[in-house]
Amino acid sequence: MGITMKQLLVLAITTCVLTYPALAADKCNPQDKAALLRIKSQLGNPSDLSTWNASTDCCGGWKGVSCDTDTQTYRVNNLDLTGITLQKATSIPPSIGDLPSLNFLTLSQITNLAGTIPNTLTKLTKLRYLYISHTSVSGTIPDFLSSIKTLVTLDFSYNKLSGALPASLSSLPNLVGITFDGNSLSGQIPSSYGSFSSQFTSMTLSQNKLSGVIPTSLSNLNLAIVDLSGNSLVGDASVLFGAKKNTQKIALAKNGFAFDIGKVGFSSNLNTLDLRNNGISGTLPQSLTQLKFLKRFNVSYNSLCGQIPQGGNLQRFDAYAYAGNKCLCGSPLPSC
Ligand SMILES: *[C@@H]1O[C@H](CO)[C@@H](O)[C@H](O)[C@H]1NC(C)=O
Ligand SMILES: *[C@@H]1O[C@H](CO)[C@@H](O)[C@H](O)[C@H]1NC(C)=O
């Protein structure tokens with residue numbers, strides 16, 4: 001018995017209906033897909049990006065690529081290339097600037113990622129989180145970043161960046177934190193950094209080559225976390241303290257800061273106070289015994305003097321946390 005014309009028609013329609021969802025499943029925006037394929041090519045077609053295949057949906061299983069499912073535009077909004085390996089020294093692909101809906105960009109722990117930060121990033125007018133860390137990226141932290149007004153967090157830790165901190169970053173209205181640890185950044189902390197918006201709560205610049213006097217304008221900030229350890233900064237870092245601030249961590253170790261610790265107030269939320277290896281003077285204030293959350297504390301190798309306040313968490317730290325001062329005494333050091 002042969003298949004009738006009618007049966008053929010039904011078969012054809014059924015086949016169409018059944019295969020249509022497979023075609024429609026490619027949600028990827030064609031411009032985004034083209035940009036991603038250019039990025040892959042600019043990275044030297046690394047084997048870690050073998051899932052980036054032109055014949056598949058970039059919103060469905062391309063390593064490190066996510067699309068906007070909330071608004072159902074399916075534009076690429078997150079690119080995370082953490083941990084991929086490049087065959088040879090390669091710059092950050094300029095075509096990343098052709099993903100206009102990007103909110104998150106993470107270029108972290110990428111072997112052989114080098115060169116400078118490209119100015120095509122300024123085309124990313126929705127970019128909120130920019131992470132470039134543990135790479136060989138060099139050059140300066142560019143001034144043009146301050147034109148990306150949507151930026152919330154900048155993390156450029158552990159690269160090979162050098163030169164001055166861009167003063168213009170303080171004009172970014174939504175910026176919450178900068179994390180620039182472990183580079184070769186030099187020069188002074190710009191005094192404009194005292195005028196970050198009130199949302200700005202985290203400044204970590206440790207292990208760089210920053211020098212000069214800490215600007216007094218920083219007293220305007222209410223930082224939850226500040227880490228300036230391992231630089232060559234000098235001056236009165238008491239501007240970072242204050243009993244009315246919400247500070248949790250103050251790390252100033254290994255600089256040349258000099259101020260009277262007896263005159264500073266401490267946030268009741270303080271959990272970390274690392275002041276080792278500076279030129280801090282005065283007597284440890286009794287208010288330190290009131291800090292309920294204090295769990296990391298080191299004031300060794302300063303010019304402190306007088307009795308260590310007894311009580312609170314202060315005797316939980318061993319003698320090494322107080323060693324190398326001018327004339328500190330009392331538990332855990334020998335009695336006065
Ligand atoms: C993409 O996928 C198709 C079908 O699975 C395959 O034939 C092709 O070789 C792939 N292309 C690349 C560049 O991997
Ligand atoms: C405090 O710092 C000194 C000097 O760097 C170090 O030897 C000591 O181990 C530190 N102690 C604690 C408890 O962190």
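None of these values were measured; they are calculated from a predicted model. (Residues numbered from 1 in each chain as written. Chains lettered and ligands numbered in written order. Predicted model: local features only at pLDDT ≥ 70, side-chain atom pairs only at ≥ 80, totals over all residues. Heavy atoms only, no water.)

Asker: How do you make sense of the overall build of the chain when you look at a structure like this?
Answerer: Each helix and strand counted, the chain has two helices and 22 strands in total. Taken against the 2.2 N^0.38 rule, which gives 20 Å for 336 residues, the C-alpha radius of gyration of the chain at 27 Å runs more than 25% over that of a compact globule. If one aligns the C-alpha atoms of the chain with their principal axes, the spans along those axes are about 110 × 40 × 35 Å. In the chain, buried positions account for 48% of the 336 residues. Taking the contacts inside the chain whose residues are at least 6 apart along the sequence as the reference set, 47% of them involve residues at least 24 apart. Roughly 15,500 Å² of accessible area belongs to the chain as shown, and the carbon and sulfur atoms make up 54% of that amount. Counting 25 positive and 16 negative side-chain charges, the chain places the averaged centre of each group 2 Å from the other. (Helix = DSSP H or I, 4+ residues; strand = E, 2+ residues; numbered from the N terminus. Rg over C-alpha atoms; globule rule 2.2 N^0.38 Å. Buried < 20%, exposed > 50% of the residue type's maximum accessible area, 1.4 Å probe, protein only. Contact = heavy atoms within 4.5 Å. Areas by Shrake-Rupley, 256 points an atom, 1.4 Å probe, with all protein chains shown as cover. Lys, Arg positive; Asp, Glu negative; His and termini not counted. Charge placed at Lys NZ, Arg CZ, Asp CG, Glu CD.)

Asker: Whenever I open this one, the site of ligand 2 confuses me. Can you help?
Answerer: Taken together, Arg276, Asn277, Asn298, Ser300, Tyr301 and Tyr320 make up the full set of residues adjacent to ligand 2. Ser300 is positioned with one of its side-chain polar atoms (N or O) 3.1 Å from an oxygen atom of ligand 2. Compared with its free state, where it exposes 360 Å², ligand 2 has 57% of that area covered by protein. Taken together, the residues that form the shell around ligand 2 break down as two nonpolar, three polar and one charged. (Near = heavy atom within 4 Å. Polar contact = N/O pair within 3.5 Å; in protein donor to acceptor, adjacent residues only side chain to side chain. Nonpolar A, V, L, I, M, F, W, Y, C, P; charged D, E, K, R; others polar.)

Asker: Help me understand the sheet that holds strand β11 (residues 184–187) in this model?
Answerer: Strand pairing in a sheet takes place through backbone hydrogen bonds and is either antiparallel or parallel in direction. Strand order in this open sheet of six strands is β7-β9-β11-β13-β15-β17, and the pairing throughout is parallel. Since the sheet does not close on itself, it has two edges, and those belong to β7 (138–139) and β17 (256–257), each with one partner. Both β7 and strand β9 (residues 160–163) contribute to a ladder of two bridges, which runs parallel. Note that in β9 the partner of Gly139 across the bridge is Leu161. (Pairing = 2+ DSSP bridges.)

Asker: Would you mind going over the environment of Leu86 with me for this structure?
Answerer: Tracing the backbone shows Leu86 in strand β3 (residues 85–91). On the basis of relative accessible area, Leu86 is assigned to the buried category, the value being 1%. In this structure the C-alpha to C-alpha distance between Leu86 and Thr111, which are 25 residues apart in sequence, comes to 5.9 Å. Setting aside residues no more than four positions away along its own chain, Leu86 makes contact with Leu43, Pro46, Ile110, Thr111, Asn112 and Leu113.

Asker: Any chance you could explain the sheet that holds strand β4 (residues 104–108) here in plain terms?
Answerer: The strand order across the open sheet formed by 11 strands is β1-β2-β4-β6-β8-β10-β12-β14-β16-β18-β20, and the pairing between neighbours is mixed. Only two strands of the sheet have a single partner each, and these edge strands are β1 (65–67) and β20 (296–298). For this sheet, the mean inter-axis angle between neighbouring strands, taken without regard to orientation, is 10 degrees. In the sheet, strand β12 (residues 202–204) pairs with strand β14 (residues 225–227) via three bridges, with the strands oriented parallel. If you follow Thr204 over to β14, its bridge partner there is Asp227. (Axes fitted to C-alpha atoms, helices over the stretch in contact; angles between N-to-C directions.)

Asker: Which parts of the structure should I look at to understand the nonpolar core?
Answerer: If you look at soluble globular proteins, the nonpolar side chains tend to sit buried side by side. With 89 residues, the main nonpolar core has Leu79, Ile178, Leu228, Leu240 and Tyr322 as its most contacted residues. A total of three residues in this core trace back to one element, the largest contributor, which is helix α2 (residues 30–42). Excluding residues that lie within four positions of it along the chain, Leu240 makes contacts with Ile214, Leu218, Leu223, Val226, Leu228, Lys245, Thr247, Ile250 and Leu252. (Core = buried A, V, L, I, M, F, W, Y, C linked by side-chain atoms within 4.5 Å.)

Asker: What's the story with the state of the cysteines in this structure? I'm lost.
Answerer: Two cysteines, two sulfur atoms, one covalent bond between them: this is a disulfide. Inspection of every chain in the model, using the stated rule, returns four disulfides. What pairs with Cys305 in a disulfide is Cys327, and their sulfur atoms sit 1.4 Å apart. Taking the torsion about the sulfur-sulfur bond, which here is approximately -100 degrees, the covalent link between Cys305 and Cys327 counts as left-handed. Placement of Cys305 in strand β21 (residues 303–307) and of Cys327 in strand β22 (residues 327–329) is noted, with a sequence separation of 22 residues between them. Bonded cysteines in the chain are paired 1-2, 3-4, 5-6, 7-8 when counted in the order they occur along the chain. (Disulfide = S-S within 2.5 Å.)

Asker: What exactly am I supposed to notice about the packing of aromatic side chains here?
Answerer: Note on aromatic pairs: each is described by the distance of the centres and the angle between the planes. The tally for this structure, following the rule as stated, stands at 10 aromatic pairs. Judged by centre distance (5.5 Å) and plane angle (10 degrees), the ring pair of Phe156 and Phe180 falls under stacked. Taken together, the residues Phe156 in the loop between β8 (153–155) and β9 and Phe180 in the loop between β10 (177–179) and β11 connect sequence positions 24 residues apart. There is no split in this pair, since Phe156 and Phe180 are both buried. (Phe/Tyr/Trp six-rings, centres within 6.5 Å; stacked < 30°, edge-to-face > 60°.)

Asker: Hey, could you run me through the environment of Val226 in this one?
Answerer: Looking at the secondary structure, you find Val226 in strand β14. Each C-alpha atom of the pair Val226 and Thr204 lies 5.5 Å from the other, and the pair is 22 residues apart in sequence.

Asker: How do you make sense of the side chain of Asn325 when you look at a structure like this?
Answerer: Following the sequence through the fold, Asn325 ends up in the loop between β21 and β22. There is a polar contact of 3.0 Å between the side chain of Asn325 and the backbone oxygen of Tyr322. In this structure Asn325 touches Val299, Ser300, Tyr301, Asn302, Ser303 and Leu304, once residues within four positions along its chain are discounted.

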